[in-house]
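Per-entry structural report
Letter by letter, the chains look like this.
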Amino acid sequence: MSDKIIKIIDFGGQFSHLIARRIRDIGVVAELVAPENFVSDKNIGGIILSGGPRSVGETDSPQIPDSLEPILDDRSLPILGICYGHQLLASYFGGKLGKSHSREYGSTRIKIISQSDLFDTDEMITWMSHGDHVAELGDNFRVIASSETCPIVAMESDDKRVFGVQFHPEVTHTQNGFELLKHFVKDVCELNLSGWSMQNYSETLILDMKKQIGDNKVMLGVSGGVDSLVAALVLFKAIGDNLHLVFIDHGLLRKNEAKDVISYFTNDLHIKNFHFVDAQDTFLDKLKTIEDPELKRKIIGHTFIEVFEKKVTDLNKEFGYFKYLGQGTIYSDRVESGAVGIGAAKIKSHHNLTLPDDMELEVIEPLKELYKDEVRELGKILGAPEKWINRFPFPGPGLAVRILGDITREKIRILQNADKIFMDQIYYRSIDKMIWQAFAVLLPGNAVGVMGDSRAYGRIIALRAVQSKDGMTADFVNIPWDILGEISTKIINQLPEVTRVVYDISTKPPATIEFE
Ligand code: XMP
């Protein structure tokens, strides 16, 4: 068993990064590289060619890089081609490709027709996403799996060094796909499965950041959210006092949030260069009388940039030149913004800062390769408490999109208090594990109630708690009635302005998670 790594040559497929993620989960270091940047080196123990959106025969479609040809010709390393990678390998070794009449998109049952190190089942449900297929194999290759409409779903060279699969083993829709990748890494490449761990990764990441940043200064905006917090932890370990954190309070945070964030960074972590900007008045003045949700978002976004830019300019004057702007971007943010993949748009600078001409900040993103659960694991390894790591997501515009209609300081105060009672009960009753996101909302208008002997006319609070994987779809959570009842009683008893509490039982779609 060796400690070598897997190189993934990325032909622009939407799942290429997921291959790296799976190989890491198996316990082996995996690195993605663009075809033109592939260089053979002694540290590589196996190569995977990813999927891709193009057709192999098309003009200008990415091809086997010249630097890979000697490896393919003398079979010095095991190779696995996935989808486009499978087709490229088949074609390189003299096979023929065809266009499928009935395109095999989505789920397809395949049969394993010949024993191979890759498979340990007779049948599998696989996930495919390409119109092209391998129609004929070159010499010294054999078919190892077929489907009803695609005779060559998987192939293997007679010397068991080159493999190809038409489907995507890296996606969870493919049954046993993880096992297939594990067989390739463990049984074919014979790599040590304890080569990658988050602990080792965190140490390497911190060293890399240290090397890249050198003695320069980094400015990083933090929000109290997990991504910017973990990015801050990595950078602080790497460069210490050369890290400057900027935290802007727009006045629409959870109750006590600003105090808690300041206390965590300054008292618990002892970060010396923590810069708090109390911009509540600026934001709330601009939002006065604004009712339209999208306009609220726009105003908050623009004002955020203005306030941040002003702070950067001031800090630059006070502390001297800042070379880098840190960002808590994680891998899925880059997929959403179209920053990953061949021909994808270049990453947008987070807030499109327009700084003075003589001040150019280079972006540094310590978490850009990680998925959310990996960011949380890294945060734990770096010592962040559960409370900060497993918090519910909180939208950038904050309570502005949870106060329906215009925003006033009084409404913010009522909502903060109701939300705090709801959150406290969720943790006190230990129902937080069944919830992905929860919050209170202040509805517009008033409702009648009876307070003491007199009629009251008060506010309506809605409670929302959802279960979700990634926020794209969501189900409301079945919080037991007695707990909901107790939360309602507490809110109405403790907040004289509120006469009614309702629970939202809509799913997304068609409803969204937030109310605005
Ligand atoms: P929706 O309401 O679209 O929310 O179902 C899905 C997830 O996104 C969060 N969200 C936002 N986050 N800025 C953000 O940073 C926003 O404008 C915004 N709107 C919604 C929401 O809290 C949920 O987790």
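Residues numbered from 1 in each chain as written. Predicted model: local features only at pLDDT ≥ 70, side-chain atom pairs only at ≥ 80, totals over all residues. Heavy atoms only, no water.

Things to note about the packing of aromatic side chains
Heads up, the condition is: Note on ring pairs: Phe, Tyr and Trp rings are taken, using the six-membered ring of Trp, and paired if centres are within 6.5 Å. Classes follow the plane angle, with under 30 degrees stacked, over 60 edge-to-face and the rest tilted. Here's how the labels work: a residue is buried when its accessible area is under 20% of the maximum for its type, exposed when over 50%, partly exposed in between, all with a 1.4 Å probe on protein chains only.
Counting across every chain of the model gives 13 aromatic pairs. Look at Y92 and F93: their rings are 5.1 Å apart centre to centre, the planes differ by 85 degrees, and that puts the pair in the edge-to-face class. Assessed through its relative accessible area of 27%, Y92 is described here as partly exposed. Since its relative accessible area comes to 16%, F93 is described here as buried. Judged by centre distance (6.3 Å) and plane angle (45 degrees), the ring pair of F247 and F274 falls under tilted.

Observations concerning the site of the ligand
To keep things clear, this is the line we draw: Whether a residue is near a molecule or strand is decided by its heavy atoms; if any one of them lies within 4 Å of it, the residue is near. Two N or O atoms form a polar contact when they lie within 3.5 Å of each other; inside protein one atom must be a possible hydrogen donor and the other a possible acceptor, and for residues adjacent in sequence the pair counts only when both atoms belong to side chains. What sets the accessible areas is the Shrake-Rupley method with a 1.4 Å probe; for residues, cover comes only from the shown protein chains. Polarity classes work like this: nonpolar for Ala, Val, Leu, Ile, Met, Phe, Trp, Tyr, Cys and Pro, charged for Asp, Glu, Lys and Arg, and polar for all others, with Gly in that last group.
In the neighbourhood of the ligand, the contacting residues comprise R297, P393, P395, G396, P397, W436, Q437, G471, K508, T512, I513 and E514. For the ligand, an oxygen atom lies 2.7 Å from a polar atom in the backbone of I513. E514 has a polar side-chain atom sitting 2.5 Å from an oxygen atom of the ligand. Considered on its own, the ligand offers 500 Å² of accessible surface; in the complex 68% of this is hidden by protein. Looking at side-chain class alone, the shell around the ligand contains five nonpolar, four polar and three charged residues.

Things to note about the pairing of strand β17 (residues 437-451)
To keep it simple, the criterion reads: Whether two strands pair depends on DSSP finding at least two bridges between them. Helix numbering and strand numbering both begin at the N terminus, where a helix is a DSSP run of H or I of at least 4 residues and a strand a DSSP run of E of at least 2.
Bridging between β17 and strand β18 (residues 454-467) involves 13 bridges; their strand directions are antiparallel. By the bridge assignment, N446 is partnered in β18 with R459. Here β17 hands over to β18 after two residues, with G452 in that stretch at a positive phi of 65 degrees.

What to know about the sheet that holds strand β14 (residues 274-278)
Here is the rule: To get an axis, a line is fitted to the C-alpha atoms, and for a helix only the part in contact is used. The angle between two axes follows their N-to-C directions and goes from 0 to 180 degrees. We call two residues in contact whenever any of their non-hydrogen atoms come within 4.5 Å of each other.
Strand order across the open sheet formed by five strands is β14-β13-β12-β15-β16, with parallel pairing between neighbours. For this open sheet the edge positions go to β14 and β16 (362-364), each flanked by a neighbour on one side alone. Across the sheet, the mean angle separating the axes of adjacent strands is 25 degrees when strand polarity is ignored. Pairing of strand β13 (residues 243-249) with β14 involves five bridges; the strand directions are parallel. The residue of β14 that forms the bridge with I248 is V277. Along the sheet, helix α5 (residues 198-213) contacts β12 (218-222), β15 (324-326) and β16; its crossing angle with β16, the most-contacted strand, is approximately 170 degrees.

Comments concerning unusual backbone geometry
For the bond from K508 to P509, the omega torsion is -15 degrees, close enough to zero to count as cis. Tracing the backbone through its elements, the reader meets P509 in the segment after β20 (498-503). Of the consecutive residues P509 and P510, the connecting peptide bond is found in the cis state with omega at 5 degrees. Not every positive phi belongs to a glycine, and S430 is a case in point at roughly 55 degrees. Positionally, S430 belongs in the loop between α13 (409-428) and β17.

Considering the sheet that holds strand β9 (residues 141-147)
In space, the nine strands of this open sheet follow the order β2-β1-β3-β4-β11-β10-β9-β6-β7, with mixed pairing throughout. Two strands bound the open sheet, and with one partner strand each, they are β2 (30-33) and β7 (123-128). Mean inter-strand twist for the sheet, computed between neighbouring axes without regard to direction, equals 25 degrees. Sheet analysis places strand β1 (residues 5-9) next to strand β3 (residues 44-49), joined by five bridges and oriented parallel. When the sheet's bridge partners are listed, I9 is paired in β3 with L49. Running over the sheet, helix α4 (residues 177-188) touches β1, β3, β4 (79-82), β7 and β11 (162-165) and is turned about 160 degrees from β4.

Any functional reading would require information beyond the geometric quantities listed.
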